[in-house]
Amino acid sequence: MNKLAIGAALTGTLALTGLAAPVASAATPNLVFSGVTVNKGKAIVVGTTATVNVPVTYDLTRPADLVIDNKKTFAAVILYRGTLKSVANELDPEVMPTCTTTATTATTVTEHCTETIPVSPQDYLYEDADAGTWKAGGLYAHMDATVSDDFLSSETNMALWGNLTTAKVQRAAKLTVNATPEPVKKGRTLTVKGALTRANWGTGKYSGYVGQTATLQFRAKGSSTYKTVKTVKSGTAGALSTTVKADADGYYRYTFAGTATTAAATAAGDYVDVK
């Protein structure tokens, strides 16, 4: 596959300028990015190691005489956090978009485009603030370079149309559960413990999510439906603990509804045999 040069060639430009300089000029073509959808409208949930490949679709209307060859001239959608004057972080596609012409006029061509933005927590997410709302921007770049053994010259014309849509990036969460003792006599007390943790991109590990509400649920043997028993607040290191009366055989689990920065999670049910 051909690597898209945007990420490699323009990241330095984005970092140096902070996108603070005006990007529109007489040399900038009139491009319209519309109908941008990131990750099929769902939150982007990222753990600590695995790369999440985020699909992006959009329509691009360009001048009919503009050739986007993905060699010297590029167009794509990127994700950024912050504002165009102060970009805190950004994510780019690494492989050129695939575009299919859907409409033409005497002066314009409209294409439907798909691309993938890889989100590697080890390479692109650095701090807690990366969890939250990001924006999509439509990027255009034209790059000319002259290279020889004794001379290097390059010139870049770049434009970015911001705030096309938003996408939520969330830290992945995990839940555990363990009900004891097992087996237990009917009417006796069960202690149901667990832990709520979430991805920490700074350390590359999962850490406890303190002060959050988790719901303890029970599903009786032979049933397919979990019912809420009570809610529990997570303590030190995300620890969960409560007690219930053992009435019937079945499965106990904790669920977490999630927050703006952290995804929902559900523990696998722990079966308890009641004698």
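Positions within a chain are numbered from 1, following the residues in the order the chain's sequence is written. For a predicted model such as this one, the threshold for reporting local features is a pLDDT of at least 70, and the threshold for listing and counting side-chain atom pairs is 80 or more; totals across whole chains, interfaces and linings nevertheless cover every residue. Just so you know, side-chain values use all the structure's heavy atoms and leave hydrogens and water out.

## Looking at the pattern of salt bridges
Applied cut-off: Any Lys or Arg side-chain nitrogen located within 4 Å of an Asp or Glu carboxyl oxygen qualifies as a salt bridge. Secondary structure elements are defined from DSSP: runs of H or I of at least 4 residues count as helices, runs of E of at least 2 residues count as strands, and each element is numbered from the N terminus. Partly exposed residues are those whose accessible area sits between 20% and 50% of the maximum for their type, while under 20% is buried and over 50% is exposed, using a 1.4 Å probe and protein chains only.
For the structure shown, the criterion picks out six salt bridges. A salt bridge links Glu111 to Arg62, with the shortest nitrogen-to-oxygen separation between them at 3.5 Å. With Glu111 in strand E7 (residues 108-119) and Arg62 in strand E3 (residues 52-63), this residue pair connects regions lying 49 residues apart in the sequence. Taking the relative accessible area as the measure of exposure, Arg62 reaches 13% and is therefore buried. Linking Arg81 and Glu127 is a salt bridge whose minimum nitrogen-to-oxygen distance equals 3.1 Å. Note that Arg81 is positioned in strand E4 (residues 73-83) and Glu127 in the loop between E7 and strand E8 (132-147), a separation of 46 residues in sequence. Assessed through its relative accessible area of 12%, Arg81 is described here as buried. Overall, Glu127 belongs to the partly exposed group, its relative accessible area being 41%. By sharing partners, the salt bridges in this structure join Arg81, Glu127 and Asp130 into a single network.

## Structural notes on the confidence of the model for the protein chain
Selection criterion: The predictor attaches a confidence to each residue, called pLDDT, with possible values from 0 through 100. Between two residues, a contact is recorded if the distance between any of their heavy atoms is within 4.5 Å.
Per-residue pLDDT for the protein chain averages 90, and the proportion of residues at 70 or more is 91%. Taken as a whole, residues 1-26 scores under 50 in pLDDT and shows 50 contacts with residues more than four places along the chain or in a different chain.

## Topic: the sheet that holds E7
By definition, the strands of a sheet pair up through backbone hydrogen bonds, in either a parallel or an antiparallel sense. How we decide: The pairing criterion is simple: DSSP has to find at least two bridges between the two strands. Axis lines are fitted through C-alpha atoms, for helices just across the contact stretch, and the angle between N-to-C directions can take any value from 0 to 180 degrees.
Across the sheet, four strands lie side by side as E1-E3-E7-E6; this open sheet has antiparallel pairing. One side of each edge strand has no neighbouring strand; the edge strands of this open sheet are strand E1 (32-38) and strand E6 (98-104). Pairwise comparison of adjacent strand axes, ignoring direction, gives a mean angle of 20° for this sheet. With twelve bridges joining them, E3 and E7 adopt antiparallel strand pairing. Bridge pairing in E7 places Leu60 opposite Glu111.

## Description of the environment of Ala214
Looking at the element boundaries, Ala214 is found in strand E14 (residues 213-220). For Ala214, a relative accessible area of 0% puts it in the buried group. In the structure, Ala214 is positioned 44 residues away from Gly258 in sequence and 9.3 Å away in space, judged by C-alpha atoms. Those residues in contact with Ala214, other than ones at most four positions away along the chain, are Lys230, Thr231, Val232, Leu240, Tyr254 and Thr255.

## Considerations on the environment of Thr262
Keep this limit in mind: The term polar contact refers here to a pair of N or O atoms within 3.5 Å; inside protein, the definition further demands a hydrogen-donor-capable atom paired with an acceptor-capable atom, and it admits residues adjacent in sequence only when both atoms are side-chain atoms.
Of note, Thr262 is situated in the loop between strand E17 (250-256) and strand E18 (265-266). Judged by relative accessible area, Thr262 falls into the buried class, the value being 0%. Sequence spacing of Thr262 and Val45 is 217 residues, and the spatial spacing of their C-alpha atoms is 8.0 Å. If sequence neighbours within four positions are ignored, Thr262 has contacts with Gln170, Arg171, Ala173, Arg198, Tyr209 and Phe256. A polar contact is formed between the side chain of Thr262 and the side chain of Arg198, at a distance of 2.8 Å. Side-chain polar atoms of Thr262 contact the side chain of Thr261, separated by 3.5 Å.

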